[in-house]
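So the chains spell out like this:
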Amino acid sequence: MLRKKWVFWFCAAIALLIVASCSPPKQTPSPSPNNTQLKSVAASTPLTTAVAILTPTEGNQVTGRVKFTQSENSVMITAKIQGLQPGAVHGWHIHEFGDLSSLDGKAMGGHYNPDSRVHGLPNSPKRHAGDLGNLKADSLGEAIKELRVDNITINGSKNPILGRGLILHAESDDGGQPTGNAGSRIAQGVIGVTKA
Ligand SMILES: [Cu+2]
Ligand SMILES: [Zn+2]
C-alpha cells in the first residue's frame with residue numbers, strides 16, 4: 001500500500017517535469033523606437049510640430065521653410081522665405097491638398113475651408129481655415145513672419161492641417177472674394193511630420 005502511493009507520487013513528479021520542460025520559452029518583444037513613433041502618428045497622437053518646405057513652381061525661384069507649433073488652443077506659424085522681390089507683399093494660404101504633382105501648384109486645390117466660410121484676412125473671424133493673409137519681403141528679398149492662429153490644429157479634431165498644402169502667391173491677398181486676388185502660385189509645399 002505504502003509502496004503504491006510512492007510510485008504514484010514519483011510518476012506525478014516526472015510528468016510535471018516533462019510538461020514544464022516542453023512549454024515554449026517566453027518571448028520578450030524587442031523594443032523599436034521607430035515603430036513606436038510611426039504607430040503614434042497613425043493613431044493620431046497629438047503632434048506638437050509640423051513643417052512645410054516650400055519649393056518654387058515652374059519659372060520661379062522662391063524657397064522657404066514654414067514651421068507649425070501646436071500649443072493648447074492655437075498654432076504658431078513661423079515662416080522664413082527666400083528669393084522674393086525686395087519689399088514685395090505676397091498672399092499665402094493653406095490649400096486643400098498636399099499634392100505637389102502640378103508644376104504650377106494647381107494640384108493643391110482651393111483654400112482649405114472645412115467650415116464652408118467665405119475668404120478673409122487673419123483679422124477676420126469669418127474666413128477660410130487656411131487664410132493666412134500676407135507676408136512681406138525685406139530689402140534682401142527675404143520674409144520672416146510669425147502668425148498665431150486659433151482656427152486650426154496640426155492633427156487634432158479642429159481643422160487638422162497635416163498633409164494639406166501650403167501655397168505662396170505672386171500677388172498680395174486683398175481679402176476680396178472668392179480667394180483674395182493673390183494671383184499665380186510661386187511656391188508650394190506639403191505640411192508634414194517633423195522631428196521637433
Ligand atoms: Cu492660396
Ligand atoms: Zn481663402
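Cut-offs and rules
Residues numbered from 1 in each chain as written. Chains lettered and ligands numbered in written order. Predicted model: local features only at pLDDT ≥ 70, side-chain atom pairs only at ≥ 80, totals over all residues. Helix = DSSP H or I, 4+ residues; strand = E, 2+ residues; numbered from the N terminus. Core = buried A, V, L, I, M, F, W, Y, C linked by C-beta atoms within 7 Å. Buried ≥ 20, exposed ≤ 12 C-beta atoms within 10 Å, placed from the backbone. Contact = placed C-beta atoms within 7 Å. pLDDT = per-residue confidence, 0-100.

1. Points about unusual backbone geometry
Of note, the amide linkage connecting Q177 to P178 takes the cis form, showing an omega dihedral of 0 degrees. Mapping P178 onto the fold places it in the loop between β7 (165-169) and β8 (185-193). With a phi close to 50 degrees, S116 is a non-glycine residue in the positive phi region. Along the polypeptide, S116 turns up in the loop between β4 (89-95) and β5 (131-136). Even without glycine at this site, N159 takes up a positive phi of about 40 degrees.

2. Here's the deal with the nonpolar core
Ranked by internal contacts, the top residues of the largest apolar core, which has 30 residues, are L54, V62, I77, I81, L166, L168 and I191. Those elements that provide at least two residues to this core are β1 (49-56), β2 (63-70), β3 (75-82), β4, β5, β6 (143-149), β7 and β8. Not counting residues within four places of it along the chain, the set of residues in contact with I191 comprises A50, A52, F68, G98, I161, L162, G163, R164 and L166.

3. Observations regarding the environment of G83
By secondary structure assignment, the location of G83 is in the loop between β3 and β4. Linking G83 and Q61, residues 22 residues apart in sequence, is a C-alpha distance of 5.9 Å. Once residues lying within four places of it in the same chain are set aside, the contact partners of G83 are Q61, V62, T63 and G141.

4. Details of the confidence of the model for the chain
Residues at a pLDDT of 70 or more form 78% of the chain, whose mean pLDDT is 87. Contacts from residues 16-22, a stretch scored under 50 in pLDDT, to residues over four places away or in other chains number zero contacts.

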